Protein chains: 2
Amino acid sequence: MKTPTKTQFLSPEDIAYIVQTKGMKKTLEELTDYITQDFLRWDAFEKSARIANHTSEGVIELMPISDKDYYTFKYVNGHPKNTHFGLPTVMAFGVLAAMNTGMPELISELTLTTALRTAGTSVMAARVLARKNSTSMAIIGNGAQSEFQALAFHYLLGIKELRLFDIDVAATDKCIKNLSHLPVRLVPCRSIAEAVFGADIITTITADKTNATILTPEMIQPGVHINGVGGDCPGKTELHVDILLRSSLFVEYEPQTRIEGELQQLPENFAVTEIRKVLQGSAKGRTHNDQVTIFDSVGFALEDYSSLRYMRDAAASLGLIHSIALIPDLINPKDLYRLIGSSSQKLVKVK
Amino acid sequence: MKTPTKTQFLSPEDIAYIVQTKGMKKTLEELTDYITQDFLRWDAFEKSARIANHTSEGVIELMPISDKDYYTFKYVNGHPKNTHFGLPTVMAFGVLAAMNTGMPELISELTLTTALRTAGTSVMAARVLARKNSTSMAIIGNGAQSEFQALAFHYLLGIKELRLFDIDVAATDKCIKNLSHLPVRLVPCRSIAEAVFGADIITTITADKTNATILTPEMIQPGVHINGVGGDCPGKTELHVDILLRSSLFVEYEPQTRIEGELQQLPENFAVTEIRKVLQGSAKGRTHNDQVTIFDSVGFALEDYSSLRYMRDAAASLGLIHSIALIPDLINPKDLYRLIGSSSQKLVKVK
């Protein structure tokens with residue numbers, strides 16, 4: 001039997017269509033469930049830290065992972081100055097392939113999807129780390145991913161007040177406009193200190209590729225959960241080291257977070273807990289109401305594996321299936337050369 | 001100024017069109033020149049060994065590389081049993097991105113292109129390693145890549161006799177049929193020993209993922225150049241270790257070949273020469289006519305970097321430019337969320 005060689009393709013518009021059709025709440029619920037289920041079967045995956053190529057302007061990374069059935073990888077960049085060129089600071093796409101043949105079955109945009117899955121992963125962690133009945137969240141950094149964090153924490157965790165700060169006031173205005181349809185109190189703030197004061201959860205999601213100190217120790221009240229999203233590559237951190245030293249740290253994949261997370265500021269033997277252990281029940285999350293917890297999130301390949309599977313399933317359920325010719329369709333797979341002789345008729349030339 | 005977010009796309013048919021239009025000889029000449037020029041500026045590149053995920057059936061690999069201007073990576077699998085499913089054993093695609101923004105500017109098929117660039121790289125090495133006036137080459141393994149090796153060595157190195165062997169006689173027949181237009185003597189052989197006897201160059205390009213011994217010491221005559229292409233991942237070798245011990249070994253990128261090449265059979269301190277040093281003039285290639293030389297080729301990311309640049313330039317020169325929407329086109333790059341609200345009108349649904 002001949003296996004198809006067409007690769008399914010999902011564009012940003014396709015992903016937007018899936019979200020529109022299912023609704024944001026249901027999409028985030030289902031996606032977070034896919035991610036959580038995959039974290040629960042952690043040992044089924046062949047994992048590695050991502051490989052990064054750096055320049056002074058930014059970083060480009062590849063994030064592969066596989067289990068016995070599927071292989072996925074994500075391509076993702078981080079270029080803080082990109083907004084000057086009209087480009088997102090983070091752009092991504094990914095591929096899902098069959099492990100038994102290597103056939104790339106799906107190529108999908110992951111810029112929009114990464115925003116969704118990062119928010120879903122943040123909620124997955126906050127469910128076991130934030131205080132029960134948390135209702136207020138500060139979001140420091142109101143860029144491209146901020147609305148997705150807001151929506152996920154509102155729909156999935158019951159957050160009813162969002163305290164917003166960005167050094168770019170226009171970003172905060174945009175965020176408020178985009179969230180104005182929610183039954184949520186939206187509070188624009190003039191400083192980080194004002195934003196975090198009284199918040200049950202603090203989400204930091206800034207873009208600068210520097211060792212910044214977005215949060216300093218005097219801002220941190222007992223019992224707060226910090227959802228640290230923006231410190232995610234070497235030389236890019238957001239939290240003062242003294243905050244880390246006084247908190248319980250939770251990570252996705254320890255070897256990667258030691259290189260890329262807030263954790264890069266700490267000695268190699270500083271104890272952290274992989275969040276999957278808390279989900280699996282083999283380690284404790286929050287143990288008391290005064291504890292400061294930090295989810296030092298850098299983004300892990302497993303989350304993209306879950307997302308690619310989810311978006312493929314969602315697209316199939318909505319009949320959204322188009323494809324591109326990435327792999328040659330050969331009558332005899334040992335006869336690659338025939339393509340040179342036989343393709344002139346098939347050629348479609350598009351300007 | 002807004003940077004375009006369309007990603008150029010080249011399918012296998014597009015690459016075939018480029019080869020047909022330019023001609024195989026000119027394509028191989030130009031591509032080999034791009035590869036050679038990039039090997040000459042070796043130190044300009046940020047290099048790493050590829051990352052591989054293995055199963056019992058095969059392997060999937062990512063091969064990234066960058067210089068100050070461009071980042072490229074290749075996705076490539078190796079699944080020897082794929083022909084049973086009507087799929088090539090090796091399938092590949094790659095991406096070229098701008099280093100200063102991370103924008104993926106080109107996604108291209110690399111199955112056909114890999115066959116071309118591997119042949120070009122083999123010739124690049126043979127030019128400095130094979131005996132001058134070599135006229136006869138044996139090809140052991142007459143699968144998908146064999147014709148490309150034959151064509152490259154004929155057009156670029158003057159090979160006039162090809163001695164062909166494969167355990168699958170149908171593969172040899174196919175190879176002979178595909179090469180019948182060439183002014184070359186094509187000799188089907190009933191054994192490896194018969195094929196290699198008297199050949200100036202031996203190309204091994206078999207697919208089995210085992211430690212095979214395609215060539216044994218008694219087959220090797222003084223002065224021969226072995227172009228070892230099929231031993232290219234851990235546990236996949238083609239040459240008896242005693243051949244290696246009596247030969248001069250040349251490699252692409254030493255850290256990678258120690259893991260993946262024939263070199264995996266030898267102690268870690270066994271001396272080898274990176275082929276770029278011979279090209280640059282800082283090391284010697286062949287020094288006398290009785291020397292047995294081996295190019296222990298595993299395929300290096302730099303060759304794909306060169307190939308992606310070459311195919312993009314070739315496509316542009318032929319007006320062959322189509323694109324896919326892999327990255328969202330945002331009016332305000334900080335407003336990714338707007339995509340959810342604004343995309344329903346833009347959606348093109350293709351079955």
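Everything here concerns the structure above.
Residues numbered from 1 in each chain as written. Chains lettered and ligands numbered in written order. Predicted model: local features only at pLDDT ≥ 70, side-chain atom pairs only at ≥ 80, totals over all residues. Heavy atoms only, no water.

A.B. asks: When you look at the overall build of chain A in this model, what are you seeing that I'm missing?
C.D. replies: Helix and strand counts for chain A come out as 11 helices and 17 strands. For a compact globule of 351 residues, the expected C-alpha radius of gyration is about 20 Å, and chain A comes in at 21 Å, within 12% of that figure. With respect to the three principal axes, the spread of C-alpha positions in chain A is 70 × 45 × 40 Å. Sorting the 351 residues of chain A into buried and exposed places 64% on the buried side. Carbon and sulfur atoms form 53% of the exposed surface of chain A, whose accessible area is close to 12,500 Å². (Helix = DSSP H or I, 4+ residues; strand = E, 2+ residues; numbered from the N terminus. Rg over C-alpha atoms; globule rule 2.2 N^0.38 Å. Buried < 20%, exposed > 50% of the residue type's maximum accessible area, 1.4 Å probe, protein only. Areas by Shrake-Rupley, 256 points an atom, 1.4 Å probe, with all protein chains shown as cover.)

A.B. asks: Help me understand the pairing of strand β1 (residues 7-10) of chain B in this model?
C.D. replies: Walk down a regular strand and you will see the side chains alternate between the two sheet faces. Residues and elements named next belong to chain B. Side chains of β1 alternate between two faces, with T7 and F9 and Q8 and L10 buried alike. Judged from the three bridges that link them, β1 and strand β17 (residues 322-324) form a sheet pairing that is antiparallel. Bridge pairing links T7 to I324 in β17. Both β1 and strand β6 (residues 104-109) contribute to a ladder of three bridges, which runs parallel. Within β6, the residue paired with Q8 across the bridge is L106. (Pairing = 2+ DSSP bridges.)

A.B. asks: Can you walk me through the packing of aromatic side chains in this structure?
C.D. replies: Where two aromatic rings form a pair, the distance of their centres and the angle of their planes describe that pair. Counted under the stated rule, the structure contains 23 aromatic pairs over all chains. Pairing W42 of chain B with F300 of chain B gives two aromatic rings, centres 5.6 Å apart and planes at 40 degrees, and the pair type is tilted. With W42 of chain B in the loop between α2 (24-40) and β2 (51-54) and F300 of chain B in the loop between β16 (293-296) and α10 (301-317), the pair connects residues that are 258 residues apart, well separated along the chain. For the pair W42 of chain B and F300 of chain B, a shared accessibility class is recorded, and that class is buried. Note on Y253 of chain B and F300 of chain B: the rings are 4.8 Å apart at their centroids and 20 degrees apart in plane angle, and the pair reads as stacked. Placement of the pair is Y253 of chain B in the loop between β14 (248-251) and α8 (254-260) and F300 of chain B in the loop between β16 and α10, with a sequence separation of 47 residues. For the pair Y253 of chain B and F300 of chain B, one class covers both residues: buried. Ring pairs connect the aromatic residues Y71, F73, Y75 and F93 of chain A together with Y71, F73, Y75 and F93 of chain B, which therefore count as one cluster. (Phe/Tyr/Trp six-rings, centres within 6.5 Å; stacked < 30°, edge-to-face > 60°.)

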